[in-house]
Amino acid sequence: MEYSRDYLEWKGWHNFGTLLPFERIYFGCELKKSGIPSSIKNVLEIGFGAGKFLAYGKEKGWNISGTELNPYLLGEARKNGFAVVERIEDIADGSLDFVAAFDVLEHIAPEHLERFLALIKSKLRSGGKFLARFPNGDSPLALRNQNADPTHLNFIGSGKAEYYAKALDFPLCHLSGQAAPLFCGDLKLFAYRLYSTPLKLLVEIFVRLLFFPKTKVNWTSPNLVVAFQKK
């Protein structure tokens, strides 16, 4: 699906490639939490949207490129000096250290997702990792994220992620709720997380003990983050 300009306006994707301080801190925290090494060099972002992670990768000195379905966004990326790839299939097999997809997998229909993940795996070198963030299919607190966007086709929880890891021989090396760094460069966000983080932890412990004592459900996070690693 090529998303319309109305959709892009609704998403608020303005000021392409502008990275705010709290976003920079978030990306760094998420990568560290997911075990993505600092030595990565050849990187692809799938579904780069407003180009924020592309900008982060450029700051880090990575050889980063991005791919999108929308021709307007591809043009914006080129205009702002970012490398783009129109087809993932055109990337050489085994050439990437890291692939990232923030808020992408929920847009892929269930019948196509396994083939999509297999394609990503083929482009990674041995030891390379694929990180994805998507609405948390394990939690009712993710329903707003999932149902607020009419282009969402898939709702993925930890069980589905574990299934794909086994089916594709693409092991999960990380599965958790989204990173929420306390010190994030935004005073209002800091104040909110200062009181909400311990309360969420208590709720998480209570819900796990009461409903999910033998699982790794991240009930209080609206998003899940997973990392697959190619053998």
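Further up the page is the structure itself.
Parameters and conventions
Residues numbered from 1 in each chain as written. Predicted model: local features only at pLDDT ≥ 70, side-chain atom pairs only at ≥ 80, totals over all residues. Heavy atoms only, no water. Buried < 20%, exposed > 50% of the residue type's maximum accessible area, 1.4 Å probe, protein only. Helix = DSSP H or I, 4+ residues; strand = E, 2+ residues; numbered from the N terminus. Pairing = 2+ DSSP bridges. Right-handed = clockwise from strand over helix to strand, strands pointing away. Contact = heavy atoms within 4.5 Å. Axes fitted to C-alpha atoms, helices over the stretch in contact; angles between N-to-C directions. 1 Å grid on protein atoms, 1.4 Å probe; cavity = no way out; pocket = protein on both sides within 12 Å on 5 of 7 lines; lining within 4 Å. Points joined across faces, edges and corners; volume = space filled by probe spheres on them. Nonpolar A, V, L, I, M, F, W, Y, C, P; charged D, E, K, R; others polar.

Q: Would you take a moment to explain the pairing of strand 4 (residues 96–102) for this structure?
A: The side chains of a regular strand alternate between the sheet's two faces. The element strand 4 is largely enclosed, with a buried count of seven among its seven residues. Where strand 1 (residues 42–46) meets strand 4, three bridges bridge the pair, whose relative direction is parallel. Residue pairing in the sheet places L44 in a bridge with V99 of strand 4. Summarising the sheet, strand 4 and strand 5 (residues 124–135) pair through six bridges and their orientation is parallel. Note on strand 5: the bridge partner recorded for A100 is L131. For the crossover from strand 4 across helix 5 (residues 110–123) to strand 5, the handedness is right-handed.

Q: How do you make sense of helix 3 (residues 52–59) when you look at a structure like this?
A: An α-helix turns once per 3.6 residues; consequently, residues spaced three or four apart project the same way. When we look at burial in helix 3, the residues that qualify are F53, L54, A55, Y56 and G57. On its buried side, helix 3 packs onto helix 2 (21–33), strand 1, strand 2 (63–67) and strand 4. Downstream of helix 3 by one or two residues, G61 has phi in the positive range, about 80 degrees.

Q: In this structure, what is going on with the sheet that holds strand 7 (residues 223–229)? I would like to understand it.
A: The strands making up a sheet associate through backbone hydrogen bonding, with each pair oriented either parallel or antiparallel. The strand order across the open sheet built from seven strands is 3-2-1-4-5-7-6, with neighbouring strands paired in mixed fashion. One side of each edge strand has no neighbouring strand; the edge strands of this open sheet are strand 3 (83–84) and strand 6 (172–177). With respect to the sheet, helix 3 is in contact with strand 1, strand 2 and strand 4, its orientation differing from that of strand 2 by roughly 170 degrees. Seen against the sheet, helix 7 (residues 158–167) touches strand 6 and strand 7 and runs at an angle of roughly 170 degrees to strand 6.

Q: Is there a simple way to explain empty space enclosed by the protein in this structure?
A: Rolling a probe over the atoms, with the probe sized like a water molecule, indicates the empty space that remains. Taken as a whole and assessed by the stated rule, the structure comprises one cavity of 30 Å³ or more. Elements with a contribution of two residues or more to the lining of the largest cavity: helix 5, helix 7 and strand 7. Tallied by class, the residues present in the lining of the largest cavity amount to nine nonpolar, no polar and no charged.

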